[in-house]
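Below, each chain spelled out in residue letters.
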Amino acid sequence: MGVIGIVANPASGKDVRRLVARASVFDNQEKQAIVSRALVGAHAAGARKVAWLDDAHGIVAGAVKDHDDLECTALDATRTATPLDTITAARALKDIDCAVVITLGGDGTNRAFAIGWHDAPLIALSTGTNNVFPCLLEGTVAGAAAGLIAAGRIRLDEVARQQKLIRVEVEGERGDLALIDAVLSRERFIGARALLAPELLDSALLTCADPAAVGVTSIGGLLHSVSRDDDCGLRLVFGPGGHTVQAPIAPGLYRQVAVSDHGTVPFGERVEIAGQGVLAFDGERDRTLKAGQKARMFVECSGPHVVDVWKTLELAAERGLFSMARESQTAEAPHDAG
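Looking at the sheet that holds strand β12 (residues 253–266)
The strand order across the open sheet built from 6 strands is β12-β11-β10-β9-β14-β15, with neighbouring strands paired in antiparallel fashion. The sheet terminates laterally at β12 and β15 (284–289), the two strands that pair on one side only. This sheet shows a mean twist of 25° between the axes of neighbouring strands, independent of strand direction.

Here it is in structure tokens:
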């Protein structure tokens, strides 16, 4: 019997894009309700063990208290109210060899999780702002899919596909990664983390370019679509001389973005950039490059193994894993007297 890991980010769905754009607020009470429904689904599918990030807001703790039919374990993790909490939780869940992990957050939450456990078996539920990597799913069925895998009733390799990520090599400093996009902006300071000044964008590398998404990936997608399954990424060079794209850079916020050049980049091919500027990963400004400092980025297929929830439940249906045995019909009917 495997363990289901749960990480719910209390900060997701609450950043500055609620003030400057039209992003929705995703409160922690709703996150707790999603976790509770996921636990119901997990138990119905046969899971019995859960481990979670014990965040300071008690999101998962408030949900598990009503599920005494599960063996629930809180992980010792940091409480810094920064991405470090998600990173350390990912490492702790990896150490106990979780069969599958459910995350609640956006692209930034899942990037932080991937830093701690880059090839984790994952069901990513969308509760953030930029939600290209996670999916909008009902918690009940997401929990059921996780339960089927944790209980050993569906094999992970039957229903999961490993995702692409971007490796970032920074001159003289630690490396980094992104799941959807890595962007160089000609800003001097991180400040508010959201990327909201398209005129300052310098260049970007994308794992997928999605015309139906929001953020930098939409800029690429409206020029040249690249799917999650394509064996390449997409490079963008911003500036005049090429195309001007009207793209949704945040929920409810369209801007015109000048792109001077773009093209696909095969796995492993390095794209070099140089400071001064700010590096943004998966929609959030994260670290600075000093003047003349170089970084190299490349796409590879070594990211999380993301579970296809629909396929998992389809296999369960085909195999009758939720079907109850019919009552025996072998008893003889009573004979008439006489």
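Back to the text.
Focus on helix α6 (residues 139–150)
An α-helical turn contains 3.6 residues, so any two residues separated by three or four positions project in the same direction. End to end, α6 covers 16 Å across 12 residues, agreeing with the expected 16 Å (1.5 Å per residue, within 8%). With 10 of 12 residues buried, α6 lies mostly within the body of the structure. Residues G139, A142, G143, A144, A145, A146, G147, L148, I149 and A150 constitute the buried set of α6. Count one or two residues on from α6 and you reach G152, which has phi positive near 75°.

Focus: the pairing of strand β4 (residues 100–105)
Within β4, 6 of the 6 residues are buried, which leaves the element mostly enclosed by the surrounding structure. Bridge count between β4 and strand β5 (residues 121–126): 5 bridges; the pairing is parallel. Paired with L104 across the strands is L125, a residue of β5. In terms of handedness, the path from β4 via helix α5 (residues 107–116) over to β5 forms a crossover that is right-handed.

Concerning the pattern of salt bridges
What the rule picks out here adds up to 19 salt bridges. Two residues, E30 and R37, come together in a salt bridge whose shortest N-O distance is 3.7 Å. Judged by relative accessible area, which is 29%, R37 ranks as partly exposed. Because the salt bridges share partners, they merge into one network encompassing R111, E173, R174, D176, D286, R287 and K290.

Describing the confidence of the model for the chain
On average, the chain scores 90 in pLDDT, and the residues at 70 or more come to 90%. In the model, residues 327–338 has pLDDT below 50 throughout and makes 0 contacts with residues more than four positions away in sequence or in other chains.

Some thoughts on helix α9 (residues 309–318)
Along α9, the residues that are buried comprise V309, T312, L315 and A316. Looking straight down α9, one finds its buried side chains confined to an arc of 130°; they lie on one side. Exposed residues on α9 whose side chains face more than 90 degrees from its buried face are W310, A317 and E318. Capping the start of α9 is the job of one residue whose side-chain oxygen sits 3.2 Å from the backbone nitrogen of W310: D308. Positive backbone phi, approximately 65°, marks G320, located one or two places after α9.

Quick notes on the side chain of R111
Here R111 lies in helix α5. On the basis of relative accessibility, which here comes to 7%, the residue R111 falls in the buried class. Polar contacts involving the side chain of R111 include one to the side chain of D176, which spans 2.6 Å. A distance of 2.8 Å separates the side chain of R111 from the backbone oxygen of L177, its partner in a polar contact. Residues within four places of R111 in sequence aside, it is in contact with D176, L177, A178, L179, F281, D282 and D286.

Concerning the sheet that holds strand β2 (residues 49–53)
Backbone hydrogen bonds are what pair the strands of a sheet, in a parallel or an antiparallel way. The sheet built from 7 strands is open, its strands ordered β3-β2-β1-β4-β5-β17-β6 with mixed pairing. Two strands bound the open sheet, and with one partner strand each, they are β3 (71–75) and β6 (160–162). On average, each strand axis in the sheet is inclined to that of its neighbour by 30°, with strand direction left out of account. Strands in contact with helix α4 (residues 83–95) are β1 (3–8), β2, β3 and β4; relative to β1, the strand with the most contacts, it is inclined by about 180°.

Thoughts on the side chain of T312
With respect to the helices and strands, the residue T312 is situated in helix α9. A relative accessible area of 0% places T312 in the buried class. The residues contacting T312, other than those within four sequence positions of it, are A145, L148, I154, V159 and V307.

With respect to the packing of helix α2 (residues 28–44) against α6
Remark: α2 packs on α6, axes separated minimally by 6 Å, with the N-to-C direction vectors making an angle of 40°. As far as their axial angle goes, α6 and α2 are oblique. α6 is crossed by α2, and the crossing has right-handed handedness. Residue-level inspection shows I34, R37, A38, G41 and A42 of α2 in contact with α6, the latter providing G139, T140, G143, A144 and G147.

The rules behind the values
Residues numbered from 1 in each chain as written. Predicted model: local features only at pLDDT ≥ 70, side-chain atom pairs only at ≥ 80, totals over all residues. Heavy atoms only, no water. Pairing = 2+ DSSP bridges. Helix = DSSP H or I, 4+ residues; strand = E, 2+ residues; numbered from the N terminus. Axes fitted to C-alpha atoms, helices over the stretch in contact; angles between N-to-C directions. Expected span 1.5 Å × (residues − 1). Buried < 20%, exposed > 50% of the residue type's maximum accessible area, 1.4 Å probe, protein only. Right-handed = clockwise from strand over helix to strand, strands pointing away. Salt bridge = Lys/Arg side-chain N within 4 Å of Asp/Glu carboxyl O. pLDDT = per-residue confidence, 0-100. Contact = heavy atoms within 4.5 Å. Arc of directions from axis to C-beta. Polar contact = N/O pair within 3.5 Å; in protein donor to acceptor, adjacent residues only side chain to side chain. Parallel < 35°, antiparallel > 145°, perpendicular 65-115°, else oblique. Left-handed = near helix turned anticlockwise from the far one by under 90°.

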